[in-house]
Protein chains: 2
Amino acid sequence: MSPVRRPLRAPRRVESGASPSRLRRDREKAATRALILEAAREMFTREGYAETSMRRLADTIGYTATTIYHHFKDKDALLNELCLNDFRALGEALRHMEQVPDPVARIRAMGVNYVRFALEHPQQFRFMFMVERPVPGPNDVKIDPAEDGYVFLKTAVTEAISAGLLKEGYQDVESVSQILWGMVHGIATIHLSKGHDEHPWIELRDPMATARLACDTLMQGMLRNP
Amino acid sequence: MSPVRRPLRAPRRVESGASPSRLRRDREKAATRALILEAAREMFTREGYAETSMRRLADTIGYTATTIYHHFKDKDALLNELCLNDFRALGEALRHMEQVPDPVARIRAMGVNYVRFALEHPQQFRFMFMVERPVPGPNDVKIDPAEDGYVFLKTAVTEAISAGLLKEGYQDVESVSQILWGMVHGIATIHLSKGHDEHPWIELRDPMATARLACDTLMQGMLRNP
């Protein structure tokens, strides 16, 4: 199973000596938790942060609010865990490219895989970037830079700069990374937004092909010896 | 006054022989209409399409629902007029670049101005591209291609291709336009999204500077003789 398709939260690890009934209970608990998270993402994405409540969420999936509170202390805890899981899944999808030794080939592969992630997980992608929500509080668990897609991209860009592969105007890691990110983020967002349905004269091209050509074009523009 | 900052709906034109009281009434009507539209955009953007209702909108701005219905037959009519106005305003901001005769310089200018529009009108930009909403019905007034930003971009790209300025791989107007649009759309969207607040290691660069460098990079990659 590809890592981006794994369940969004792994079942809690249980001691090897756990009883069968304990094991079953743990599995049920993990399944309930996953169900709540999926329903919450859908509600947050469709109706926005303000309109999502633990009670309405409970109604949607046929649980009592008490059951939901048993798993998550409040709406923000739920939201935070969702974001964390989604950003980790995206990071995981990009981390796979680390096995490509050439930083330029790696940058291209990451760009194309970013768009693939968005197309394969439209709900998550919309939720991560297209829903307004409060930032996590100081006590919330936050994503670790070591799991973050942007950090993987920056590593590849840093390597390309250090190896002298990029032209003079492309020595700022942040600015180069933000151009590369912006490019594939824009392609993904345009394809997930429905705004262009109102503009029938826009013939959207295949987003994967567009992403490939776009990444090649940027690298052509940035490389000292394309 | 720059065209993108004009009120989103011009007051209705009145005959020159109109009485002063008629003139005043028309002005008041236009002002009310503009107020309703602004409040509706805010509510649609913040709370989503499903949660916005004519009644709640009326409550927010202190009118009766009847007053709102007097101006707009239903929620969808309101939504449609908002979208139309916003896409027209964006088109207008880009149409200005038509005075730049060189298509490549025009493409660059359009790209940078797209990001400027998003930064100056964050509410509109979010509403246009980041809110899920139903597509307009068959009887709704729709934006005219002659007012649409994408069409202006396509015209410039077509000119660049016809003049033989772009490399062999860049002869498809749609694909080239979608790369250019995607680039600046991504930069704008990243800057308007708050997702990166959760990733304090991302040092966002000035979006206008990023947009300029990004457009230059793409043109460097696409041009036969950069």
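See the structure above.
Per chain, residues are indexed from 1 in the order of the written sequence. A letter from A marks each chain and a number from 1 marks each ligand, given out in the order of writing. For a predicted model such as this one, the threshold for reporting local features is a pLDDT of at least 70, and the threshold for listing and counting side-chain atom pairs is 80 or more; totals across whole chains, interfaces and linings nevertheless cover every residue. Hydrogens and water are ignored here; the side-chain numbers use all heavy atoms of the structure.

Colleague: So what exactly am I meant to see when it comes to the overall build of chain A here?
Modeller: A helix here means a DSSP run of H or I that spans at least four residues, while a strand means a run of E at least two residues long, and both kinds are numbered starting from the N terminus. For chain A, the helix and strand inventory stands at nine helices and zero strands. What you see in chain A, going N to C, is helices and strands ordered as α-α-α-α-α-α-α-α-α. Along the first, second and third principal axes, the C-alpha atoms of chain A reach 65 × 50 × 35 Å. A burial count over chain A gives 52% of its 226 residues as buried. Only heavy atoms matter for contacts: two residues are in contact if any of them lie within 4.5 Å across the pair. Across chain A, contacts joining residues at least 24 apart in sequence account for 72% of those joining residues at least 6 apart. Per element, the accessible surface of chain A, about 10,500 Å² overall, is 52% carbon and sulfur. The sign given to each residue is positive for Lys and Arg and negative for Asp and Glu; His and the chain ends receive no count. Here the site of a charge means atom NZ of a Lys, CZ of an Arg, CG of an Asp or CD of a Glu. The averaged location of the 30 negative side-chain charges in chain A is 5 Å from the averaged location of its 31 positive side-chain charges. Three exposure classes are used, based on accessible area relative to the maximum for each residue type with a 1.4 Å probe and protein chains only: buried under 20%, partly exposed in between, and exposed over 50%. Accessibility throughout is a Shrake-Rupley quantity obtained with a 1.4 Å probe, and a residue counts as covered only by protein chains that appear here.

Colleague: Got a minute to help me understand the interface of chain B and chain A in this structure?
Modeller: On the chain A side, the residues contacting the 55 residues of chain B number 55 residues. Simply put, the buried area is the total loss of 1.4 Å probe accessible area from both parts when two parts are fitted together. A combined buried area of about 4,900 Å² lies between chain B and chain A, and 63% of that area is made up of carbon and sulfur atoms. The working definition used for a salt bridge is a side-chain nitrogen of Lys or Arg within 4 Å of a carboxyl oxygen of Asp or Glu. Summed over the shared surface of chain B and chain A, the result is two salt bridges. Here aspartate 172 of chain A and arginine 205 of chain B are joined by a salt bridge, their closest N and O atoms 2.7 Å apart.

Colleague: Can you help me understand helix H4 (residues 75–95) of chain A in this one?
Modeller: Every α-helical turn comprises 3.6 residues, leaving residues that sit three or four positions apart pointing alike. Between its first and last C-alpha, H4 of chain A extends 30 Å over 21 residues, near the 30 Å set by a 1.5 Å rise per residue. Taking burial as the measure, the 21 residues of H4 of chain A include 18 buried ones, the bulk of the element. Helix span is expected to be 1.5 Å times the residue number reduced by one.

Colleague: Whenever I open this one, the packing of aromatic side chains confuses me. Can you help?
Modeller: Aromatic ring pairs are described here by two measures, namely the spacing of the ring centres and the angle between the planes. Note on ring pairs: Phe, Tyr and Trp rings are taken, using the six-membered ring of Trp, and paired if centres are within 6.5 Å. Classes follow the plane angle, with under 30 degrees stacked, over 60 edge-to-face and the rest tilted. One pass over the full model with this rule turns up twelve aromatic pairs over all chains. Taken together, the ring pairs in this structure connect Phe87, Tyr114, Phe125, Phe129, Tyr150 and Trp181 of chain A into an aromatic cluster.

Colleague: Would you mind showing me how to read the side chain of arginine 126 of chain B here?
Modeller: Here arginine 126 of chain B shows up in helix H6 (residues 122–130). Polar contacts involving the side chain of arginine 126 of chain B include one to the main-chain carbonyl oxygen of leucine 192 of chain B, which spans 3.0 Å. We call two N or O atoms a polar contact when they sit within 3.5 Å, provided that within protein one can donate a hydrogen and the other can accept it, with sequence-adjacent residues counted only if both atoms are side-chain atoms.

Colleague: Where do I start with the environment of alanine 39 of chain B in this structure?
Modeller: Residues and elements named next belong to chain B. When you line up the elements, alanine 39 lands in helix H1 (residues 20–47). According to the relative accessible area criterion, alanine 39 is buried, its value standing at 14%. Once the C-alpha coordinates of alanine 39 and alanine 58 are considered, the two residues, 19 residues apart in sequence, prove to be 9.2 Å apart. Ignoring sequence-local partners within four residues, the contact set of alanine 39 consists of Leu57 and Ile61.

Colleague: Please explain the environment of methionine 97 of chain A as it appears in this structure.
Modeller: Residue and element names in this part refer to chain A. Inspection of the secondary structure puts methionine 97 in the loop between H4 and helix H5 (103–120). Residue methionine 97 is classed as buried on the basis of its relative accessible area, which comes to 14%. In the structure, methionine 97 is positioned 33 residues away from methionine 130 in sequence and 25 Å away in space, judged by C-alpha atoms. Look past the residues within four positions of methionine 97 in its chain and what remains in contact with it is Arg106, Ala109, Met110 and Asn113.

Colleague: Even after reading the chapter, I still don't get the relation of the copies chain B and chain A, so can you show me in this structure?
Modeller: Put simply, the second copy of the chain is the first one after a rotation about an axis and a shift along it. Least-squares superposition of the copies uses the C-alpha atoms of those residues scoring a pLDDT of at least 70 in each of them. With an RMSD of 0.1 Å, the operation that places chain B on chain A is a rotation of 180° combined with a shift of 0.0 Å along the axis. These values place the two chain copies in the arrangement generated by a two-fold rotation axis. Taking C-alpha positions as reference, the residue of chain B nearest the rotation axis is glycine 186 of chain B, located at 1.8 Å. A symmetric contact is evident, with 100% of the interface residues of chain B recurring at the interface of chain A.

Colleague: In this structure, what is going on with the packing of H6 of chain B against helix H8 (residues 173–192) of chain B? I would like to understand it.
Modeller: Each pair of packed helices gets described by two things: the angle between the helix axes and the distance between those axes. All names here are of chain B. Comment: axis = line fitted to C-alpha atoms, over the contacting stretch for helices; angle = value between 0 and 180 degrees taken between N-to-C directions. Packing of H6 against H8 brings their axes to within 11 Å, and their N-to-C directions diverge by 120°. Of the two possible hands of crossing, H6 and H8 adopt the one that is left-handed. Facing H6, whose interface residues are Pro122, Phe125, Arg126, Phe129 and Met130, H8 presents Trp181, His185, Ala188, Thr189 and Leu192. In this scheme the crossing of two helices becomes right-handed for a clockwise turn of the near helix relative to the far one and left-handed for an anticlockwise turn of less than a right angle.

Colleague: Mind showing me how you'd approach H5 of chain A here?
Modeller: Residues and elements named next belong to chain A. Along its 18 residues, H5 runs 25 Å from first to last C-alpha, staying within 8% of the 26 Å computed at 1.5 Å per residue. For H5, the full list of buried residues reads Pro103, Val104, Arg106, Ile107, Met110, Gly111, Val112, Asn113, Tyr114, Val115, Phe117 and Ala118. Contacts from the buried residues of H5 go to H4, helix H6 (122–130), helix H7 (149–162), helix H8 (173–192) and helix H9 (207–222).

Colleague: Please clarify how the packing of H5 of chain A against H9 of chain A should be interpreted in this entry.
Modeller: All names here are of chain A. Put simply, H5 and H9 touch, their axes get as near as 9 Å, and they point 155° apart. Taken together, the axes of H5 and H9 lie roughly antiparallel to each other. Considering only the axes of H5 and H9, their crossing is right-handed. Contacts between H5 and H9 involve Val104, Ile107, Arg108, Gly111, Val112, Val115, Arg116 and Leu119 on the former and, on the latter, Pro207, Met208, Ala211, Arg212, Cys215, Asp216 and Met219. Throughout, the ten residues Ala, Val, Leu, Ile, Met, Phe, Trp, Tyr, Cys and Pro are labelled nonpolar, Asp, Glu, Lys and Arg are labelled charged, and all others, Gly among them, are labelled polar. Here the contact of H5 with H9 is built from residues that sort into ten nonpolar, one polar and four charged. What sets the label is the angle itself: under 35 degrees gives roughly parallel, over 145 gives roughly antiparallel, 65 to 115 gives roughly perpendicular, and the rest give oblique.

Colleague: Would you mind showing me how to read the nonpolar core here?
Modeller: A general feature of soluble globular proteins is that nonpolar side chains tend to end up buried together. Here, nonpolar core refers to any group of buried Ala, Val, Leu, Ile, Met, Phe, Trp, Tyr and Cys residues whose side-chain atoms link them within 4.5 Å. Ranked by size, the top nonpolar core spans 137 residues in total, and within it Phe129, Leu166 and Leu180 of chain A together with Phe129, Leu166 and Leu180 of chain B carry the most contacts. Sorting elements by how many residues they give to this core places H8 of chain A first, with eleven residues. Not counting residues within four places of it along the chain, the set of residues in contact with leucine 166 of chain A comprises Ala160, Ile161, Gln171, Val176, Met219, Met222, Leu223 and Arg224 of chain A.

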